[in-house]
Amino acid sequence: MKTLIFSTAALVLISTLYLGIQGAWSNNDDPSHGLGKWQNMKARSTGVAPVTNTLYAEECGSCHFAYPPGLLPSFSWQKVMTGLADHFGDNAELDAQTKQQITKYLTTHAAESSNYRRSRAIMYSLQATDTPPPLRITDTPYFKREHREIPNRIINLPKIGGKLSRCNACHQRADKGSFNEHEIVIKGLGPWND
Ligand code: HEC
Ligand code: HEC
């Protein structure tokens, strides 16, 4: 009985803390970064849902790998899409209609709307911070944790050019939404053996 009371108290405490964090995020003027109902979904497949939208794949896959939308919450995608004129130093501006269609695709397939395991892991990692989600996948706590063991001599190989944003330079099946660590073959080096 004591254990039961204790676990209930712990659960209430955790929920309160969690709601506190969610409240802090909701204070931001963009209301779309709420965590949504993702916690209630059952985790299904590993990886993330692959890209299914050809307009997105063409427009956002010309300079770099077309990142699957489940790698960021809609809050981040909104921010990326409203700042395309100065996109990480490049101009990636689109006409209003194309921009609207791509924004819709990205935000409806964002991490908090996906039950793929990696999307959920990203949401958990964001939930644990009280800062708004970053613009970059590579700046999410989950990403940083998964890649912290990669030495600079690998990151600075020519095919990677110091940029961990080049997912497909190492994850051979990134375009299928698969980031399994047993499928990593680093371009210019070879398979990754942990
Ligand atoms: C004109 C080239 C260009 C186009 C087109 C482009 N991007 Fe980028 N994008 C960049 C550059 C450059 C970076 C920064 C790469 C780096 O330094 O790591 C970047 C980075 C990103 C990142 C952060 C990657 C990370 O996690 O570090 C996201 C997300 C992104 N782009 C989304 C998009 C979306 C969505 C579109 C389509 C609307 C798009 N990009 C179109 C050039 C482009
Ligand atoms: C320099 C090569 C490299 C690049 C670029 C890279 N990764 Fe990774 N990634 C790795 C390695 C190596 C691991 C496994 C780390 C370990 O075993 O500790 C990993 C692990 C992961 C994992 C966890 C896999 C698992 O089975 O637990 C995910 C998810 C992931 N990466 C996604 C990405 C995404 C998304 C990008 C692009 C934004 C990216 N990675 C860019 C090398 C890379």
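Model, not experiment: these values are computed from the prediction.

Looking at the iron atom of ligand 2, one finds its protein donor set to be His147 (NE2) and His171 (NE2), positioned 2.0 Å from the metal centre. Angles of 88 to 179 degrees at the metal separate the six donor atoms of the iron atom of ligand 2, which places the site in the octahedral class. On the criterion of sequence distance, the pair formed by His147 in helix H6 (residues 141–147) and His171 in the loop between helix H7 (152–155) and strand S1 (185–186) is long-range, its members being 24 residues apart. Accessibility classification places His147 together with His171 in one group, the buried group.

It is worth spelling out the coordination of the iron atom of ligand 1 at this point. Each protein donor to the iron atom of ligand 1 is listed here as His64 (NE2) and His87 (NE2); together their distances run 2.0 Å. Because the angles between the six donor atoms bound to the iron atom of ligand 1 fall within 88 to 179 degrees, the donor set is best described as octahedral. Residue His64 is found in the loop between helix H2 (54–59) and helix H3 (74–82), and its partner His87 is found in the loop between H3 and helix H4 (96–108); the two are separated by 23 residues along the sequence. Judged by relative accessible area, which is 30%, His64 ranks as partly exposed.

This next bit is on H3. Those residues of H3 that fall on the buried side of the exposure criterion are Ser74, Phe75, Ser76, Trp77, Val80 and Met81. On its buried face, H3 is in contact with H2 and H4.

To continue, consider the nonpolar core. Counting residues in each nonpolar core, the largest one holds 28 residues, and the members touching the most others are Tyr56, Tyr67, Leu71, Trp77, Ile102 and Leu106. For this core, the elements supplying multiple residues, two or more each, are H3, H4, helix H5 (117–127) and H6. Among the elements that make up this core, the one with the highest residue count is H5 (four residues). Core analysis: the second largest hydrophobic core is formed by nine residues, Ile150, Ile154, Ala169 and Ile184 among them.

Before going further, it helps to spend a moment on the pattern of salt bridges. Under the counting rule described, the total for this entry stands at three salt bridges. Here Glu183 and Arg173 are joined by a salt bridge, their closest N and O atoms 3.3 Å apart. With a gap of 10 residues between them, Glu183 in the loop between H7 and S1 and Arg173 in the loop between H7 and S1 connect regions that are remote in the sequence. The salt bridge involving Lys176 is made with Asp175; its shortest N-O contact spans 3.5 Å.

This paragraph deals with the site of ligand 1. Inspection of the region around ligand 1 gives 24 residues, with Cys60, Cys63, His64, His87 and Thr138 positioned closest. A distance of 2.6 Å separates an oxygen atom of ligand 1 from a polar side-chain atom of Arg136. Between Ser165 and ligand 1, the recorded distance is 2.6 Å, taken from a side-chain N or O atom to an oxygen atom. Sorting elements by how many residues they give to the shell around ligand 1 places H3 first, with three residues. For the shell around ligand 1, the per-class residue count stands at 14 nonpolar, six polar and four charged.

At a minimum axis distance of 9 Å, the contact between H3 and H4 shows a crossing angle of 165 degrees. Between H3 and H4, the interaxial angle falls into the category roughly antiparallel. Crossing angle aside, the handedness with which H3 passes H4 is right-handed. Counted together, Ser74, Trp77, Gln78 and Met81 of H3 and Lys99, Ile102, Thr103, Leu106 and Thr107 of H4 form the full contact between these two elements. Classifying every residue of the contact of H3 with H4 gives four nonpolar, four polar and one charged.

Conventions we followed
- Residues numbered from 1 in each chain as written.
- Chains lettered and ligands numbered in written order.
- Predicted model: local features only at pLDDT ≥ 70, side-chain atom pairs only at ≥ 80, totals over all residues.
- Heavy atoms only, no water.
- Donors = N, O, S within 2.8 Å, 3.2 Å for Na, K, Ca; no water.
- Tetrahedral: all angles 85-135°; square planar, octahedral: opposite > 155°, others 65-115°.
- Helix = DSSP H or I, 4+ residues; strand = E, 2+ residues; numbered from the N terminus.
- Buried < 20%, exposed > 50% of the residue type's maximum accessible area, 1.4 Å probe, protein only.
- Contact = heavy atoms within 4.5 Å.
- Core = buried A, V, L, I, M, F, W, Y, C linked by side-chain atoms within 4.5 Å.
- Salt bridge = Lys/Arg side-chain N within 4 Å of Asp/Glu carboxyl O.
- Near = heavy atom within 4 Å.
- Polar contact = N/O pair within 3.5 Å; in protein donor to acceptor, adjacent residues only side chain to side chain.
- Nonpolar A, V, L, I, M, F, W, Y, C, P; charged D, E, K, R; others polar.
- Axes fitted to C-alpha atoms, helices over the stretch in contact; angles between N-to-C directions.
- Parallel < 35°, antiparallel > 145°, perpendicular 65-115°, else oblique.
- Left-handed = near helix turned anticlockwise from the far one by under 90°.

So yeah, pure geometry; function would need other evidence.
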